[in-house]
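Topology and contacts: notes
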Amino acid sequence: MLRMSAMAVTLTCAVLLAAPFAQAKTLTIGFTTSETGKLNADSKPQLLGFELWRDQVNTAGGIKVGSKHYKVALKYYDDQSSAGRVQQLYSRLILQDNADFLFSPYSSGLTATAAVVSEQFGKIMITTGAAEGKTYRLGNKHLFQLYTPADKYLKSALDVIKAKSPKAKIALIYSNDGFSSAVAKGALANAKRMGLHVVFDESYASDTTDFGPIINKIVASGANVLIGGGHYADGSTLARQLHDKKVNLHFISLLVAPDIPKFANLGEAALGVTVPSQWEHSVGYKPDFGVAPSAFTKAFEAKYGNQPGYHAAGGYAAGLVLQHAIEKAGSIKTAAVTKALNGMNAMTFYGRVHFATGAGDHGLQIGHDMVLAQWQKGANNKLVSQVVWPASAQTAPILYPLKTFAH
Amino acid sequence: MYDLVASLASGVLVGAIYGLAAIGLSLIFGVMKVINLTHGAMIALGMFALYFFVSVLGFNPYVSLLPIVAGGFVVGVMVYWIAVNRVIGSSDLMSLLATFAMNMIIIGVGTALWTTSPYNVDFSLPGISWHGYTIPGTQIVAAALAIVIAGLLYVFLYHTRTGKAVRAVASNRQAAELMGIPTRRILAIAFGLGIAVAGAAGALIATLFPFTILSGGSYELKSFVVTVLGGLGNPAGALAGGILLGLIEGGVAPFVDVSWTPVIEFSLFVLILIAFPAGLFRIGKNH
């Protein structure tokens with residue numbers, strides 16, 4: 001009799017303990033990633049960030065929605081870095097794969113395409129790796145941006161120039177894609193407002209491999225600082241050619257490329273180059289929810305064996321923000337989660353997250369700040385990325401002006 | 001004024017490399033009337049081969065050209081027997097699709113192996129500086145080597161028995177066969193040579209710029225322009241066409257936004273096609 005009672009108690013306990021997990025359903029999050037094509041290098045770390053978040057959430061039992069737990073399933077396809085594929089695949093994710101929520105592809109251009117589809121079907125899409133602000137000014141209601149908008153990207157670089165050499169002659173050169181053009185437009189307006197002198201302003205094709213002609217024009221303009229760039233491939237080529245052609249510049253700030261750890265493979269050509277960054281592993285944010293920056297960095301390194309950049313952090317943050325909104329809403333219904341996202345104004349490991357809620361700019365990121373990182377020589381002459389601006393986030397003093405070449 | 005001179009000098013140097021890249025395409029088309037769409041992928045493989053020899057094995061980049069040319073030849077002959085041999089003589093579309101398929105396979109495998117993240121061969125040589133403008137030493141050596149390789153190919157085609165056989169097949173395959181020339185073997189050799197030259201061009205480009213598996217694409221496009229400028233099937237014309245294209249790029253750049261350069265370049269290309277349908281350098285045709 002005693003034995004029977006003990007068994008019954010054990011079984012009851014087991015059922016009670018397992019209850020949340022037994023009820024665990026699956027929440028499907030759909031997106032595309034550029035496994036092939038020119039955006040592959042930038043898109044890959046973002047995917048790793050999504051996957052790390054999924055694994056951590058599922059290990060912890062899933063997303064808690066009221067009394068239920070939802071395991072996270074990521075459903076994704078290769079968009080081949082092509083907008084045509086994105087349009088087709090986001091429709092498929094919604095209609096055939098029944099994705100509950102969406103993450104954006106990498107890049108502003110692909111995200112703008114995906115947003116047309118997500119809005120058409122009224123699906124929430126958390127965008128990361130997509131800084132161009134235009135997409136959020138089209139009256140979308142379910143789009144939420146994590147990145148600092150493009151027009152503020154180079155503000156920190158301009159702050160450095162203003163502080164160090166306000167009479168500097170600035171060359172602004174940028175890829176003619178949507179994101180880089182939006183960054184340049186914002187930088188030009190900011191430079192004018194700050195009384196800085198832009199002596200050369202020109203775009204180049206995003207697939208440019210030889211920057212010789214444009215570098216000659218920079219020299220001819222007499223510019224002594226350079227800001228601009230585009231994505232990884234063109235940015236790393238530009239940095240190498242500026243070095244090979246011995247262009248004397250006091251300060252260089254390029255978009256995206258110098259934030260990828262592999263940029264250090266350029267050797268001397270990487271030294272001193274700065275990058276406006278959405279996030280650096282050394283930031284000291286105290287999060288209101290989720291992991292601390294150091295815990296994220298540690299987990300990422302343990303899983304993938306390398307240090308995360310801001311693309312990876314953005315991927316993880318997209319999951320974290322969505323999770324928090326769902327848990328706060330206590331529902332997976334679009335209206336409830338949208339309301340929770342609209343009301344979010346919180347510090348995360350990735351920085352502050354606060355979305356605009358006005359009709360004209362709904363979903364635009366208005367809380368997040370950029371930092372400026374610079375490649376410097378560390379211990380045993382190895383190149384390391386240091387946060388150099390703003391002073392409050394600084395991990396090393398800025399190298400300014402850069403070393404000049406003897407001609 | 002200084003910027004125009006610097007820009008033209010850079011244009012000529014980079015143009016010589018365009019020319020070398022185009023020679024491979026031109027040779028293959030001239031001999032077997034195949035538009036080789038693996039051309040860009042082969043240029044990219046040449047870049048990665050250089051990376052392997054320099055960054056992994058520690059070779060000097062210019063010494064690495066020898067195994068790259070030899071390896072390129074072997075790969076070219078293999079591609080010929082696998083994808084081209086059986087479709088030669090059938091419609092042009094068949095060979096176009098066969099080489100396109102090979103191109104997609106190479107790009108796909110290359111992306112899986114190396115991603116599309118750029119690779120860099122960290123190598124430099126002292127250059128020439130003039131009024132603040134610098135031409136890197138690597139660019140000067142690359143252009144010189146491009147001309148030397150083109151010259152060696154010329155010597156091979158005009159002064160060796162096999163080279164003459166290649167030209168004979170290009171001129172009239174049936175007649176060459178009647179003269180006892182093993183035409184299939186010669187076609188394989190020509191294809192191998194075309195790929196070897198493309199690989200060499202890729203290796204030289206890799207000494208100048210970071211690259212990805214997709215980087216060959218833009219040089220392939222330029223190679224088509226250069227080949228048409230120089231006259232289809234005319235390697236000497238291709239080299240001259242490459243230098244002309246570089247000069248156009250260099251001459252235009254100081255006066256317009258650089259993103260307009262391709263528009264001007266291709267507009268000139270269309271005009272040249274209208275005025276000289278057989279290419280600008282017909283006189284240099286080798287058959």
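Cut-offs and rules
Residues numbered from 1 in each chain as written. Chains lettered and ligands numbered in written order. Predicted model: local features only at pLDDT ≥ 70, side-chain atom pairs only at ≥ 80, totals over all residues. Helix = DSSP H or I, 4+ residues; strand = E, 2+ residues; numbered from the N terminus. Rg over C-alpha atoms; globule rule 2.2 N^0.38 Å. Buried ≥ 20, exposed ≤ 12 C-beta atoms within 10 Å, placed from the backbone. Contact = placed C-beta atoms within 7 Å. Nonpolar A, V, L, I, M, F, W, Y, C, P; charged D, E, K, R; others polar. Core = buried A, V, L, I, M, F, W, Y, C linked by C-beta atoms within 7 Å. Domains from an automatic or database assignment. Pairing = 2+ DSSP bridges. Axes fitted to C-alpha atoms, helices over the stretch in contact; angles between N-to-C directions. Parallel < 35°, antiparallel > 145°, perpendicular 65-115°, else oblique. Left-handed = near helix turned anticlockwise from the far one by under 90°. Expected span 1.5 Å × (residues − 1). pLDDT = per-residue confidence, 0-100.

1. Remarks on the overall build of chain A
Tallying secondary structure elements over chain A gives 11 helices and 15 strands in all. Its C-alpha atoms give chain A a radius of gyration of 23 Å, near enough to 22 Å, the size a compact globule of 407 residues would have. Principal-axis analysis of the C-alpha atoms gives chain A an extent of 95 × 50 × 35 Å. Relative to its 407 residues, chain A shows a buried fraction of 56%. Once local pairs closer than 6 in sequence are excluded, the contacts in chain A between residues at least 24 apart make up 68%.

2. A few points about the overall build of chain B
On a plain count of helices and strands, chain B comes out with 11 helices and 2 strands. Start at the N end of chain B and walk to the C end: the helices and strands fall as α-α-α-α-β-β-α-α-α-α-α-α-α. Whereas a compact globule of 287 residues would reach a radius of gyration of roughly 19 Å, chain B reaches 19 Å, a difference of no more than 12%. By its C-alpha atoms, chain B is 60 × 45 × 35 Å across when sized along the principal axes.

3. Comments concerning the interface of chain B and chain A
Interface extent is often summarised as the accessible area lost during association of the parts. Across the contact, 32 residues belong to chain B and 34 residues belong to chain A. Tallying contributions element by element places helix H1 (residues 2-32) of chain B first for the side of chain B that touches chain A, with 5 residues. A per-class count over the side of chain B that touches chain A returns 12 nonpolar, 16 polar and 4 charged.

4. Observations regarding the nonpolar core
Ranked by size, the top nonpolar core spans 219 residues in total, and within it Ile170(A), Ile17(B), Leu20(B), Ala190(B), Val197(B) and Ala200(B) carry the most contacts. Split by domain, this core shows at least three residues from each of two domains, domain 1 (22-148 + 283-354) and domain 2 (152-277 + 370-393) of chain A. The contacts of Ile170(A), once residues within four sequence positions are left out, are Ile161(A), Ala191(A), Leu196(A), His197(A), Val198(A), Val199(A), Ala223(A), Val225(A) and Ile227(A).

5. Structural notes on the pairing of strand E13 (residues 351-354) of chain A
All names here are of chain A. Direction of pairing for strand E12 (residues 345-348) relative to E13: antiparallel, over a ladder of 4 bridges. Its bridge partner lying in E13, Asn345 is registered against His354. Remark: 2 residues form the turn of the hairpin made by E12 and E13, two consecutive strands paired antiparallel.

6. Brief notes about the domain arrangement of chain A
All names here are of chain A. Domain boundaries assigned for chain A yield domain 1 (22-148 + 283-354) and domain 2 (152-277 + 370-393). For domain 1 versus domain 2, the separation of C-alpha centres amounts to 29 Å. Facing 17 residues of domain 1, the contacting portion of domain 2 comprises 17 residues. Among the elements that make up the side of domain 1 that touches domain 2, the one with the highest residue count is helix H4 (residues 108-120) (3 residues). When grouped by side-chain class, the residues that make up the side of domain 1 that touches domain 2 number 5 nonpolar, 8 polar and 4 charged.

7. As for the packing of helix H2 (residues 39-56) of chain B against helix H9 (residues 216-230) of chain B
All names here are of chain B. Running from amino to carboxyl end, H2 crosses H9 at an angle of 130 degrees, the nearest separation of the two axes being 7 Å. In terms of orientation, H2 lies oblique with respect to H9. Handedness of the H2/H9 crossing: right-handed. Residue-level inspection shows His39, Gly40, Ala41, Met42, Ile43 and Ala44 of H2 in contact with H9, the latter providing Gly216, Gly217, Tyr219, Glu220 and Ser223. Tallied by class, residues from the contact of H2 with H9 come to 5 nonpolar, 5 polar and 1 charged.

8. Focus: the pairing of strand E1 (residues 25-33) of chain A
Residues and elements named next belong to chain A. Where E1 lies against strand E3 (residues 68-78), 9 bridges are found, and the strand directions are parallel. Considered in E3, the bridge of Thr32 is made with Tyr77. Two elements, E1 and strand E4 (residues 101-103), share 2 bridges in a ladder whose sense is parallel. The residue bridging Gly30 from the neighbouring strand is Leu102, located in E4.

9. Here we look at H4(A)
All names here are of chain A. Here H4 spans 18 Å end to end across 13 residues, near enough to the 18 Å set by a 1.5 Å rise per residue. By the criterion of burial, H4 is predominantly enclosed, with 10 of the 13 residues buried. Buried within H4 are the following residues: Ser108, Gly109, Leu110, Thr111, Ala112, Thr113, Ala114, Ala115, Val117 and Ser118. Against helix H3 (83-95), E4, strand E5 (125-127), strand E6 (143-145) and helix H6 (178-193) lie the buried residues of H4. Once H4 finishes, Gly122 follows within two positions and takes phi at roughly 65 degrees, a positive value.

10. Some words on the environment of Ala329(A)
Residue and element names in this part refer to chain A. Of note, Ala329 is situated in helix H10 (residues 310-329). Taking C-alpha positions, Ala329 is 9.0 Å from Leu341, a pair spaced 12 residues apart along the chain. Once you skip the residues sitting within four places of it in the chain, Ala329 turns out to touch Ala336, Val337, Lys339 and Ala340.

11. Brief notes about the sheet that holds E4(A)
Residues and elements named next belong to chain A. Sheet architecture is open: 6 strands sit in the order E2-E3-E1-E4-E5-E6, paired in mixed fashion. In this open sheet, the two strands that pair with only one neighbour each are strand E2 (63-65) and E6. Averaged over all pairs of adjacent strands, the angle between their axes in this sheet comes to 30 degrees, without regard to strand direction. The sheet strands contacting H3 are E1, E3 and E4, and the helix crosses E1 at an angle near 175 degrees.

12. Looking at the packing of helix H10 (residues 235-252) of chain B against helix H11 (residues 261-275) of chain B
Residues and elements named next belong to chain B. Close contact between H10 and H11 brings their axes to 10 Å; oriented N to C, the two are set at 135 degrees. Considered as vectors, H10 and H11 are oriented oblique to each other. For H10 against H11, the interelement crossing comes out right-handed. Only Thr261, Ile264, Glu265 and Leu268 of H11 make contact with H10, whose side of the interface consists of Ile248, Glu249 and Val252.

13. Structural notes on the confidence of the model for chain B
All names here are of chain B. With 97% of its residues at a pLDDT of 70 or more, chain B has an overall mean of 88. Taken as a whole, residues 283-287 scores under 50 in pLDDT and shows 15 contacts with residues more than four places along the chain or in a different chain. Scored by ipTM, the complex comes to 0.80, with pTM at 0.77.

14. What to know about unusual backbone geometry
Residue and element names in this part refer to chain A. Look at the link from Trp389 to Pro390: it is a cis peptide, with omega at 0 degrees. Although it is not a glycine, Gln80 sits at a positive phi angle of roughly 55 degrees. Tracing the backbone through its elements, the reader meets Gln80 in the loop between E3 and H3. The exposure class of Gln80 is partly exposed, given the 19 C-beta atoms found within 10 Å. Positive phi, close to 95 degrees, is recorded for Ser107, a residue that is not glycine. Classification of Ser107 as buried rests on a count of 28 C-beta atoms within 10 Å.

15. Things to note about the environment of Gly195(A)
All names here are of chain A. Looking at where Gly195 falls in the secondary structure, it is placed in the loop between H6 and strand E8 (197-204). For Gly195, a count of 9 C-beta atoms within 10 Å translates into the label exposed. The spacing of Gly195 and Ser181 is 14 residues in sequence and 21 Å in space, taken between C-alpha atoms.

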